[in-house]
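# Per-entry structural report
Residues per chain, in single letters:
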Amino acid sequence: MTIQQTPSSYGVSKAFLDALDNLAQKPSWWRDVLLRDDVFIAVRANSLNVYHRGASIFRIDDGGDGRLIPWTHTKYLIRQQQVLAQLHHDGHFQPADIGWSQYAGPSTLSDMIRSATDLAGAEKSGLHPLIVGSSKVIDVELSLLRANSSIDESLADTDAHSAGAPPIDRSQDRLDVVTVENRGGKPFIVFHEAKHFSNPALRAKGEPAVLAQIVRYQATLRQHDATLRQRYVAVCQALVRLHTMQTAARTALPSSRPPLEPDPLIAAIASGQVKAEIDPDPRLIVFGFDGDQRDGRWERDAKRLREHQPALKIKAIGSTRSAHEFF
């Protein structure tokens, strides 16, 4: 199947992907990323984000003409094997090189991922296995300017923020996960908001706060419908190419296991074989409860949520650790 790359206003350029493909064929930080099962690569306009537990450990900008400009936040560069640093009487710490100043192979990436793990909260940590264990996920940490904003465009993730970048408009909505879904032969792009069971937004004496959040997201998704349709064609095209890179990198190393096969709907959307519609009604995902909480408190919480918003689609799971194909 031949897939033509959409102009990079909604995704990334062919030259950018070609450069990544070349980099994947030799020892490099990018090949190390492709060999890991615990990261998700999200496609943005003219960049990629590499996520672990909601943290963008790399943002790779398209510099034009096939130039790759990778960024990371310094908080992910702590050397994890260094436990103690001594503070001397003159005020300096020893050792001084407690952070990575040069990429030194898989050990650097492992330290970056451990740093991201240490910084992640319960919500991002719990959601992560659902993301990397699903073949239907096409995007995470989607940021959109809220409905009625004067600018109609999606926002890049700023965890790895470049110097000199313009200030970000904070009036934005961020949806946790985006998936593809086949409903009786009709493809849809579906959006998900995830909450840990302990999140107070799930419960209140009156209307739980999460419901106002969902209503706001519905308005935002409707406003961005046309843009999102085009965006996710470009996203699926890039994901097909990235999967090919990942497969080739792992095939070249017999000790690596094959990557998770993406849902066939992704390639169908990428090629134009099908046209996906935008579902403007986000799903609510709730996780992180035990059996007693499920039969007690969560049962009451779910009932109240549905009383206030009967059409709300809720999917709940206690433990996410071993979940597979949840979406």
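That block above? That's the structure.
Values in this document were obtained by computation on a predicted structure and should not be read as measured data.

## A few points about the overall build of the protein
Counting its regular elements, the protein contains 8 helices and 13 strands. Its C-alpha atoms give the protein a radius of gyration of 21 Å, near enough to 20 Å, the size a compact globule of 327 residues would have. Taken over the C-alpha atoms alone, the protein extends approximately 60 × 60 × 45 Å along its principal axes. Looking at the protein alone, contacts between residues at least 24 apart form 71% of all its contacts between residues at least 6 apart. Just so you have it, the protein exposes about 16,000 Å², and 52% of that area is on carbon and sulfur atoms.

## Focus on the packing of helix α1 (residues 14–24) against helix α6 (residues 225–251)
Across the interface, α1 lies against α6 with an axial gap of 10 Å and an inter-helix angle of 10°. When the axes of α1 and α6 are compared, the pair comes out roughly parallel. Counting all contacts with α1, which are made through K14, L17, D18, L20, D21 and A24, the residues of α6 involved are A238, R241, L242, M245 and A249. Considered class by class, the residues forming the contact of α1 with α6 number 7 nonpolar, no polar and 4 charged.

## Thoughts on the pairing of strand β13 (residues 314–317)
Pairing between strand β12 (residues 283–287) and β13: 4 bridges, direction parallel. Paired with I285 across the strands is K315, a residue of β13. In this fold, the crossover linking β12 to β13 by way of helix α8 (residues 291–308) has right-handed handedness.

## Thoughts on the packing of aromatic side chains
Under the criterion given, the structure shown has 6 aromatic pairs. A ring pair is formed by F191 and Y232, whose centres lie 6.3 Å apart and whose planes are at 65°; its orientation type is edge-to-face. With F191 in strand β10 (residues 186–196) and Y232 in helix α6, the pair connects residues that are 41 residues apart, well separated along the chain. When sorted by exposure, F191 lands in the same class as Y232, which is buried. Centre to centre, the rings of F326 and F327 are 5.3 Å apart; their planes meet at 85°, and the pair counts as edge-to-face. Site record: aromatic cluster; members linked through ring pairs are W29, W30 and F58. Seen from the ring of F197, R203 lies directly overhead, with NZ or CZ sitting 5.0 Å from the centre.

## Regarding the side chain of H196
Positionally, H196 belongs in strand β10. Of note is the side chain of H196, whose polar atom sits 2.8 Å from the side chain of S198. In this structure, H196 is in contact with A122, E123, L202, F287 and G288, ignoring residues within four places of it in sequence.

Rules used in this analysis
- Residues numbered from 1 in each chain as written.
- Predicted model: local features only at pLDDT ≥ 70, side-chain atom pairs only at ≥ 80, totals over all residues.
- Heavy atoms only, no water.
- Helix = DSSP H or I, 4+ residues; strand = E, 2+ residues; numbered from the N terminus.
- Rg over C-alpha atoms; globule rule 2.2 N^0.38 Å.
- Contact = heavy atoms within 4.5 Å.
- Areas by Shrake-Rupley, 256 points an atom, 1.4 Å probe, with all protein chains shown as cover.
- Axes fitted to C-alpha atoms, helices over the stretch in contact; angles between N-to-C directions.
- Parallel < 35°, antiparallel > 145°, perpendicular 65-115°, else oblique.
- Nonpolar A, V, L, I, M, F, W, Y, C, P; charged D, E, K, R; others polar.
- Pairing = 2+ DSSP bridges.
- Right-handed = clockwise from strand over helix to strand, strands pointing away.
- Phe/Tyr/Trp six-rings, centres within 6.5 Å; stacked < 30°, edge-to-face > 60°.
- Buried < 20%, exposed > 50% of the residue type's maximum accessible area, 1.4 Å probe, protein only.
- Lys NZ or Arg CZ within 6 Å of the ring centre and 35° of its normal.
- Polar contact = N/O pair within 3.5 Å; in protein donor to acceptor, adjacent residues only side chain to side chain.

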